[in-house]
Amino acid sequence: MQDSNGAEFHKVKEFVKTNNLQNVNLTGKLQWDEILKYYERSKILFVQLKENFSMAMPSKLYEYASTGLPIVYGGKGEAVKFIERLENGYVFKPSNVEKCKNLISDIFKQDIKISMYNRKFIEA
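Right, let's walk through the structure included here.

### Topic: the packing of aromatic side chains
In this structure the tally under the stated criterion is five aromatic pairs. Relative to Tyr64, the ring of Tyr39 has its centre 5.9 Å away and its plane inclined at 90 degrees; by these criteria the two rings are edge-to-face. Linking Tyr39 in helix α2 (residues 32–41) with Tyr64 in helix α3 (residues 59–67), this pair joins segments that are 25 residues apart in sequence. Residue classification places Tyr39 among the buried positions, given a relative accessible area of 12%. For Tyr64, a relative accessible area of 11% translates into the label buried. One aromatic cluster is present, formed by Tyr62, Phe82, Tyr117 and Phe121 through successive ring pairs. Here the basic side chain of Arg41 rests over the ring of Tyr38, its NZ or CZ set 4.8 Å away from the ring centre.

### Points about a nonpolar patch on the surface
A cluster of nonpolar side chains, Val12, Phe15, Leu21, Val24 and Leu26, forms an exposed patch at the surface whose accessible area comes to about 380 Å². Structurally, the position occupied by Phe15 is in helix α1 (residues 9–18).

### Points about the packing of α3 against helix α6 (residues 116–123)
Interaxial distance between α3 and α6 falls to 6 Å at its minimum, and their mutual angle equals 130 degrees. Taken together, the axes of α3 and α6 are oblique relative to one another. Regarding α3 and α6, the two cross each other, and that crossing is left-handed. Mapping the contact onto sequence places Tyr62, Ala65, Ser66 and Thr67 in α3 and Asn118, Arg119 and Ile122 in α6. For the contact of α3 with α6, the residue count by class is three nonpolar, three polar and one charged.

### Some words on the layout of surface pockets
Taken as a whole, the largest pocket encloses approximately 2100 Å³ of empty space. Along the walls of the largest pocket sit 38 residues, with Val12, Asn25, Leu26, Phe46 and Tyr64 positioned nearest its centre. Of all the elements in the fold, those that place two or more residues in the lining of the largest pocket are α1, α2, β1 (45–48), α3 and α5 (97–109). No other element matches α1, which puts five residues into the lining of the largest pocket. Grouping the amino acids of the lining of the largest pocket by side-chain chemistry returns 21 nonpolar, eleven polar and six charged.

### A word on the nonpolar core
Among the nonpolar cores identified, the biggest contains 16 residues, and Leu61, Tyr64, Ile71, Tyr73, Phe82, Ile83 and Leu86 are the most heavily contacted of them. Broken down by secondary-structure element, the contributors of at least two residues to this core are α2, β1, α3, β2 (71–74) and α4 (78–84). In terms of residue count, α4 provides more of this core than any other element does, four residues in total. Residues in contact with Leu61, not counting those within four places in the same chain, are Val47, Ile71, Tyr73, Ala79, Phe82 and Ile83. Judged by nonpolar contacts, the second largest core, of seven residues, contains Ile44, Val72, Leu103 and Ile107.

Thresholds applied
Residues numbered from 1 in each chain as written. Predicted model: local features only at pLDDT ≥ 70, side-chain atom pairs only at ≥ 80, totals over all residues. Heavy atoms only, no water. Phe/Tyr/Trp six-rings, centres within 6.5 Å; stacked < 30°, edge-to-face > 60°. Helix = DSSP H or I, 4+ residues; strand = E, 2+ residues; numbered from the N terminus. Buried < 20%, exposed > 50% of the residue type's maximum accessible area, 1.4 Å probe, protein only. Lys NZ or Arg CZ within 6 Å of the ring centre and 35° of its normal. Patch = residues over 30% accessible without salt bridge, like charges linked within 9 Å, V, L, I, M, F, W, Y side chains within 5 Å. Areas by Shrake-Rupley, 256 points an atom, 1.4 Å probe, with all protein chains shown as cover. Salt bridge = Lys/Arg side-chain N within 4 Å of Asp/Glu carboxyl O. Axes fitted to C-alpha atoms, helices over the stretch in contact; angles between N-to-C directions. Parallel < 35°, antiparallel > 145°, perpendicular 65-115°, else oblique. Left-handed = near helix turned anticlockwise from the far one by under 90°. Contact = heavy atoms within 4.5 Å. Nonpolar A, V, L, I, M, F, W, Y, C, P; charged D, E, K, R; others polar. 1 Å grid on protein atoms, 1.4 Å probe; cavity = no way out; pocket = protein on both sides within 12 Å on 5 of 7 lines; lining within 4 Å. Points joined across faces, edges and corners; volume = space filled by probe spheres on them. Core = buried A, V, L, I, M, F, W, Y, C linked by side-chain atoms within 4.5 Å.

Written out as structure tokens, the structure reads:
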């Protein structure tokens with residue numbers, strides 16, 4: 001049975017613990033006012049869908065785009081088309097760890113700016 005934290009939450013939590021990862025904070029499900037605090041402190045927002053979900057359009061992408069922050073998306077299909085319409089949108093094939101690491105590293109080397117275009121696009 002899936003809990004409100006998502007199907008993979010406990011696996012990821014165990015992975016973090018087993019590998020003694022000190023720079024990962026798994027909060028579980030948060031209330032909206034708590035989520036906003038995380039967005040305010042964030043520099044990049046990340047979403048990945050496995051290959052078998054290529055037709056899905058995660059609603060999280062709309063929420064992320066409304067922040068204007070850079071979005072790193074691992075996936076295929078319809079969501080890629082959406083990301084390509086945004087500023088600060090970066091795409092890699094799902095589970096391509098090296099490409100993901102390189103994208104994030106490249107983004108941090110840039111002067112990260114909030115995209116007002118993305119905010120207005122979502123508002124419209």
